[in-house]
Amino acid sequence: METPYQNHIDKAEFDHVYEPAEDSFLLIDALEQDLDYLKAKKPTFCLEVGSGSGVVITALGMAIPDTVCMCSDVNFKACAISKITAKRNKVPLDAVNMDLCNAFLDEMFDVIIFNPPYVVTESNECGGTDITASWAGGVKGREVTDRLLDLIPKKLAPNGTFYLLLIEENIPQEVITIMSKHGFQSETVIKRRNRNEQQLVLKFYK
Ligand SMILES: C[S@@+](CC[C@H](N)C(=O)[O-])C[C@H]1O[C@@H](n2cnc3c(N)ncnc32)[C@H](O)[C@@H]1O
């Protein structure tokens, strides 16, 4: 998968919006590894929750041009930059400033991707709408992720796939158990150690 052009983003913007890092590129690598599987499913609607700079959803839109791409972020500036990133790379993208995917009422998505705020923090650090929302994950680094897990059964199309980046401290096995209670199978798509973090991307499907 081609890496989207990002030089349009002024470095100063990254004081306010998550700068693409190893986790962003691991998620892109996971999607690339699964690209034949995804293309075979002919996804119509793809959603990235928490798009930050927009590089991940833009990379997906570039790789599967016939799909309709949407993204959300609680950080208004992230939505604005995501739209610009997509436009610079000729990917049509709707970006919505909202919590998770709560403003999408009846829509279902064929692909949902999330690189969440996964750092273990105090609960009261979690839930901001500024740059802190990029990393502060609360208890187990999972407070935001767990809220999305409960929405996936309603928001993922029956034949859809959900990709989620986690680190070991998030206790991936507990996430797998939660999703299996919702009726989803799971697989580890990719794993990589980045300095002191063991990062992985899980995929869920029925
Ligand atoms: C680790 S960053 C990932 C950014 C981008 N997807 C990437 O991989 O480079 C997490 C993103 O999730 C957003 N976020 C955090 N909580 C959210 C929520 N409740 N709803 C939507 N977006 C959220 C943050 O603002 C941030 O942009």
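Below is a summary of the structure that appears in this document. (Residues numbered from 1 in each chain as written. Predicted model: local features only at pLDDT ≥ 70, side-chain atom pairs only at ≥ 80, totals over all residues. Heavy atoms only, no water.)

1. Thoughts on the side chain of Ser 82
Here comes step 1: Relative to the helices and strands, Ser 82 is located in helix 4 (residues 76-88).
Here comes step 2: You can call Ser 82 buried: its relative accessible area is 0%.
Here comes step 3: In contact with Ser 82, not counting residues within four places along its chain, are Ser 51, Gly 52, Ser 53, Gly 54, Cys 71 and Leu 93. (Helix = DSSP H or I, 4+ residues; strand = E, 2+ residues; numbered from the N terminus. Buried < 20%, exposed > 50% of the residue type's maximum accessible area, 1.4 Å probe, protein only. Contact = heavy atoms within 4.5 Å.)

2. Structural notes on the site of the ligand
Here comes step 1: Lining the immediate environment of the ligand, one finds 20 residues, of which Ser 24, Glu 48, Asp 73, Asp 99 and Leu 100 sit closest.
Here comes step 2: The contact in question runs from an oxygen atom of the ligand to an N or O atom on the side chain of Ser 24, over 2.7 Å.
Here comes step 3: When the ligand is considered free in solution it has 600 Å² of accessible area, and contact with the protein chains removes 98% of it.
Here comes step 4: Within the shell around the ligand, the residues separate by chemical class into nine nonpolar, seven polar and four charged. (Near = heavy atom within 4 Å. Polar contact = N/O pair within 3.5 Å; in protein donor to acceptor, adjacent residues only side chain to side chain. Areas by Shrake-Rupley, 256 points an atom, 1.4 Å probe, with all protein chains shown as cover. Nonpolar A, V, L, I, M, F, W, Y, C, P; charged D, E, K, R; others polar.)

3. Brief notes about the packing of aromatic side chains
Here comes step 1: Counting across every chain of the model gives two aromatic pairs.
Here comes step 2: Between Phe 104 and Phe 109 the ring centres are 5.2 Å apart and the planes differ by 65°, which places this aromatic pair in the edge-to-face class.
Here comes step 3: Note that Lys 203 overlies the ring of Tyr 37, its terminal NZ or CZ placed 3.7 Å from the centroid.
Here comes step 4: Here the guanidinium or amino end of Lys 206 rests over the ring plane of Phe 184, the centre of that ring lying 4.7 Å away. (Phe/Tyr/Trp six-rings, centres within 6.5 Å; stacked < 30°, edge-to-face > 60°. Lys NZ or Arg CZ within 6 Å of the ring centre and 35° of its normal.)

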